[in-house]
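# Residue-level structural notes
Single-letter residue listing:
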Amino acid sequence: MTQNRPPRGKFGRQGDQNRPISGRPAQGGDNRLSLAGRGEQKPEHPQGARPPRGEHGRGGSRGQAATPAGAVWLYGTHAVGAALKNPQRRFRRLVITEEAQAALAAECPQPWPIQPEITPRDRIDALLGARPGSGIVHQGIALLTDQLTAPALLDALKRPGPILVLDQIFDPRNVGALMRTAQAFGACAVITQDRNAPEETGALAKAASGALETIPLLRIVNIARALIALKSADVWVVGLDGHSPSRLRSEDFAGRRVALVLGSEGEGMRRLTRETCDEVCALAMPGGMESLNVSAAGAVALYELTRAP
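Below, the structure is looked at part by part.

About the cut-offs
Residues numbered from 1 in each chain as written. Predicted model: local features only at pLDDT ≥ 70, side-chain atom pairs only at ≥ 80, totals over all residues. Heavy atoms only, no water. Buried < 20%, exposed > 50% of the residue type's maximum accessible area, 1.4 Å probe, protein only. Helix = DSSP H or I, 4+ residues; strand = E, 2+ residues; numbered from the N terminus. Contact = heavy atoms within 4.5 Å. Pairing = 2+ DSSP bridges. Axes fitted to C-alpha atoms, helices over the stretch in contact; angles between N-to-C directions. Salt bridge = Lys/Arg side-chain N within 4 Å of Asp/Glu carboxyl O. 1 Å grid on protein atoms, 1.4 Å probe; cavity = no way out; pocket = protein on both sides within 12 Å on 5 of 7 lines; lining within 4 Å. Points joined across faces, edges and corners; volume = space filled by probe spheres on them. Nonpolar A, V, L, I, M, F, W, Y, C, P; charged D, E, K, R; others polar. Phe/Tyr/Trp six-rings, centres within 6.5 Å; stacked < 30°, edge-to-face > 60°. Lys NZ or Arg CZ within 6 Å of the ring centre and 35° of its normal.

### Notes on helix α1 (residues 77-84)
- When you tally the buried positions in α1, you get seven out of eight residues, the bulk of the element.
- Regarding α1, the residues found buried are T77, A79, V80, G81, A82, A83 and L84.
- Next to the buried residues of α1 lie β1 (71-75), β2 (91-96), α2 (101-107), β4 (141-146) and α6 (202-208).

### As for the side chain of S295
- By the element assignment, S295 lies in helix α9 (residues 294-306).
- Beyond its immediate stretch of four places on either side in the chain, S295 contacts N174, A177 and L178.

### Considering the sheet that holds strand β9 (residues 258-263)
- Pairing is parallel across the open sheet formed by six strands, whose spatial order is β7-β6-β5-β9-β8-β10. Every other strand in the sheet has two partners, leaving β7 (217-220) and β10 (279-281) as the edge strands with one partner each. For this sheet, the mean inter-axis angle between neighbouring strands, taken without regard to orientation, is 25 degrees.
- Running over the sheet, helix α5 (residues 172-184) touches β5 (163-167), β6 (189-193), β7 and β9 and is turned about 165 degrees from β5.
- Sheet contacts for helix α7 (residues 223-232): β5, β6, β7, β8 (236-240) and β9; angle to β5, the most-contacted strand, approximately 160 degrees.

### Some points on the environment of V280
- As for its placement among the helices and strands, V280 is situated in strand β10.
- Judged by its relative accessible area of 0%, V280 is buried.
- With 38 residues separating them along the chain, V280 and G242 place their C-alpha atoms 9.3 Å apart.

### Focus on the pattern of salt bridges
- Evaluated as defined, the whole model comprises 14 salt bridges.
- The salt bridge involving K158 is made with D155; its shortest N-O contact spans 3.4 Å.
- Assessed through its relative accessible area of 41%, D155 is described here as partly exposed.
- R249 serves as the salt-bridge partner of D252, at 3.0 Å between the closest nitrogen and oxygen.
- Taking relative accessible area as the criterion, D252 reaches 12% and is therefore assigned buried.
- Linked by salt bridges that have partners in common, R89, E200 and E213 make up one network.

### Regarding the layout of surface pockets
- Here the second largest pocket defines a volume of roughly 470 Å³.
- Around the second largest pocket sit 21 residues that line it, and L240, D241, G242, S291 and L292 are the ones nearest its centre.
- Counting only elements with at least two residues in the lining of the second largest pocket, the list comes to β9 and α9.
- In terms of residue class, the lining of the second largest pocket is built from nine nonpolar, seven polar and five charged.

### Looking at the packing of aromatic side chains
- Applying the stated criterion across every chain, the model contains one aromatic pair.
- Measuring from ring centre to ring centre gives 6.3 Å for F185 and Y303, while their planes differ by 65 degrees; the resulting arrangement is edge-to-face. One end of the pair, F185, is in the loop between α5 and β6; the other, Y303, is in helix α9, and 118 residues separate them in sequence.
- Owing to a relative accessible area of 46%, Y303 belongs among the partly exposed residues under this scheme.
- One cation-aromatic arrangement involves R256 over W236; the distance from NZ or CZ to the ring centre is 4.0 Å.

Here it is as structure tokens:
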């Protein structure tokens, strides 16, 4: 028999540690929220169409070629190899040094779905804007491809596993690392906010080490509304905060599907995001550290949620 959810405290914490497993009755109104993914129509940019961008959203500069609208340069052996194996990708150019061909062939056996262009390393540097301090390590391989189209939220939920929600995590390398972790622990999808998160970039894809091709990355307009939609789909929403007196324990969520919410390292979750969570928990850290890097915290939390009680 379906039970009602027990009352929550100020930040959504349960007062009773023996919480019943409850479903969610349908809430009033239409819960089929319009949560646009990357491939869905969005409001027009105030200044009209956005100009072509290079890596990290910048237009071509210092000899860097501008990236066509709707496309992205991926680079590095793992990121490019995974993209070439993804039938959902639409390819434009594959540039590779003669020396890097064997490494890419080991990651993705030939024939490749696009003809490679044998290119000197310095020319690839110029295409990507790679220079000292840029952080772009392409390993002699770069792929120009259209950005992926994300599924709608409710379609993404047809996949099994927990959901990872990122509230204002800006660093593409952190987002990529969290996608890699989410894939490792069988997560359903990663959700970010459209305006306060990095776009699909080569840096994000390289940090994800292929996970960008295998787990959906949904960019939505409003995190709190997305959490409400998740609740309507019988998902239990758990925020992570190192100052919470409650500890994240897998046995407390046995039989539940969980959405784990991570906030930025500096400020954590925003107020409305926090208040929309069903409960807020902290990681058990007996060594005495107050906090972890957000990508490390996400890995520990997903492990705890998915381990057998």
